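# Geometric and topological summary
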Amino acid sequence: MRTKITVANGDGIGPEIMSATLRILEAAGAQIEPEFIEIGEKVYKNGLAAGITDSSWEALRRNKIFLKAPITTPQGGGYKSLNVTARTTLGLFANVRPCQAYSPFVQTNHPLLNLVIIRENEEDLYTGIEYRQTDEVYECLKLVSRPGCEKIVRYAFEYARANNRKKVTCFSKDNIMKMTDGLFHRIFNEIATEYPEIETDHWIIDIGAALLADQPQRFEVIVTLNLYGDIISDIAAQVAGSVGMGGSANIGEQCAMFEAIHGSAPDIAGKGVANPSGLLNGAIMMLVHIGQGEVAARIHNAWLKTIEDGIHTGDIYKRDISKQRVGTTDFADAVIARIGQLPEHFRPISYASAPRPIQVASSKVKPQNKELVGVDIYLDNRTPNPKPLGDALSSIASDLKLTMITNRGTVVYPGNTPETFYTDHWRCRFLSKTGGAIAKASVINLLSRLDKDGYDIIKTENLYLFDGKAGFSVGQGE
Ligand code: NAD
């Protein structure tokens, strides 16, 4: 029986590489029935800021499997990235990005590179919650949840176990973002204890990315937050040979989306030179996911043979190692001509024992005792010096007391910090005078008092203790 899948041709090089990919799938005998939807640039330009129509959403929900070519997100103008919307709306929490070197046929300095990046797909700075708060300052919220971390970390360990990978590495920046990235790292450590046969390590993202670019053979499975995962998968794909080669699976509890890791490459669109391998590798992952492992293996082996035979698109073509430089269509024809053949240099692929799609359940988070102990009040204020502002706020009668003012996170009151650069954005921390819990009314009273005194309040953030432990970071230099 044919499996219905939703297909989007995308923008830029999208239609060229999708047509090549579907031709190869058809020739290999994939049992799929594509339902095409129009998403991306054209839909954005028709005035839909989300880049997708209601009927396309219906198709995606109905078919549950989505093969998507890259799309262009117009910059500025309030357009939201459809890639991000599709991932979050369809609950596609795990972005799986295998990356491998194809040396000596594709030039790379890292012939042993063979790793999988498991990128968290729904949270972090990609929630797109941004604000302009003052003339000078803009804000982007980084949201990280315990269920989100648990799901992705557990997925990474389950993936390693199912695919016979021996090591899982966590990348985070918890030396700086102690609460958000700290949670991710802590949950990694907690869940790692359930997989004693798997080796683990952790790197701060900056040195981790450097090692990935320099010694990628150190890594097998990397699990990381959304933004870091986005950046390091392009690094890994590029050092393996080309961003044009990597495929990607976005997996959720009900739906899954398969794509190339690269974008719509407008610089080469319409020229017929794009490498369709990234999307093809995504489509191979799709076939395995829907239980058509035999067809997937046939295509994968034909593709490896094509690469071995030196038939290369411009992005990987090198005069001394390639045999023939081809465009997108001829590359697809070369793969089709090799269907049924096995690679000779690379180990032939079999998906006969491919694991079932991995399911991870999210656990319930146990509620803790939550006590309100203060509030951070953000002010838009053009004062050139925080001292008069701090003195004035300190003198306000309330059951909360001003404990510090920060400017872009650095404590500037109390104290004397003439060297610090001040913007017009001040965070004023008020804590309970008694050190105990306060009522919300205390915060509301303080806010109305400040408002009456003419302060421009742009935002507040409640300060809570959870089971007695501070749920807020200290100021830089506090
Ligand atoms: P890009 O990945 O499109 O291109 C980066 C470079 O790699 C370009 O020089 C391009 O020519 C080359 N390249 C990419 N894919 C190739 C292929 N298959 N064959 C040969 N060369 C290839 O990144 P970009 O230029 O930063 O982004 C262009 C657009 O794509 C933007 O609008 C961006 O928002 C969008 N984008 C979409 C996705 C997606 O749909 N999943 C992902 C990333 C970027």
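The present account deals with the structure reproduced in this document.

Calculation rules
Residues numbered from 1 in each chain as written. Predicted model: local features only at pLDDT ≥ 70, side-chain atom pairs only at ≥ 80, totals over all residues. Heavy atoms only, no water. Buried < 20%, exposed > 50% of the residue type's maximum accessible area, 1.4 Å probe, protein only. Helix = DSSP H or I, 4+ residues; strand = E, 2+ residues; numbered from the N terminus. Polar contact = N/O pair within 3.5 Å; in protein donor to acceptor, adjacent residues only side chain to side chain. Core = buried A, V, L, I, M, F, W, Y, C linked by side-chain atoms within 4.5 Å. Domains from an automatic or database assignment. Contact = heavy atoms within 4.5 Å. Salt bridge = Lys/Arg side-chain N within 4 Å of Asp/Glu carboxyl O.

This next bit is on helix 4 (residues 82–89). Structurally, the α-helix is built with 3.6 residues per turn, so residues lying three or four positions apart point the same way. Among the residues of helix 4, those classed as buried are L82, N83, V84, A86 and R87. For helix 4, the N-terminal capping position is held by S81, with its side-chain oxygen 3.3 Å away from the main-chain nitrogen of N83. Backbone geometry just after helix 4 places G91 at a positive phi near 70 degrees.

To continue, consider unusual backbone geometry. The omega torsion of the bond from S103 to P104 falls at 5 degrees, within 30 degrees of zero and hence cis. Mapped onto the secondary structure, P104 falls in the loop between strand 4 (94–100) and strand 5 (114–120). Residue P414 is reached from Y413 by a cis peptide bond, and omega for that bond is -5 degrees. Relative to the elements of secondary structure, P414 occurs in the loop between strand 17 (410–413) and strand 18 (425–432). In this structure, N164 is a non-glycine residue whose phi angle is positive, near 60 degrees. Counting through the fold element by element, N164 comes out in the loop between helix 5 (146–162) and strand 8 (167–172). Taking the relative accessible area as the measure of exposure, N164 reaches 58% and is therefore exposed.

Bringing the nonpolar core into the picture now. In terms of nonpolar packing, the biggest core is built from 96 residues, with L67, I118, Y155 and L287 touching the most fellow members. Counting residues per element, this core draws most heavily on helix 5, which supplies eight residues. The two domains that each donate at least three residues to this core are domain 1 (1–90 + 241–355) and domain 2 (109–240). Ignoring any residue separated from it by four or fewer positions in sequence, one finds Y155 in contact with F93, A94, V96, I118, I251, I358 and V360. Counting 22 residues, the second largest nonpolar core, distinct from the first, contains I405, W426, V443 and Y455.

Attention shifts here to the pattern of salt bridges. Enumeration over the complete set of coordinates arrives at 29 salt bridges. Close ionic contact of R154 with E194 constitutes a salt bridge, the shortest N to O distance being 2.8 Å. With R154 in helix 5 and E194 in the loop between helix 6 (180–192) and strand 9 (199–204), the pair connects residues that are 40 residues apart, well separated along the chain. By relative accessible area, which is 22% here, R154 ends up partly exposed. Of the charged contacts in the structure, one is a salt bridge between K167 and D201, with a shortest N-O distance of 3.6 Å.

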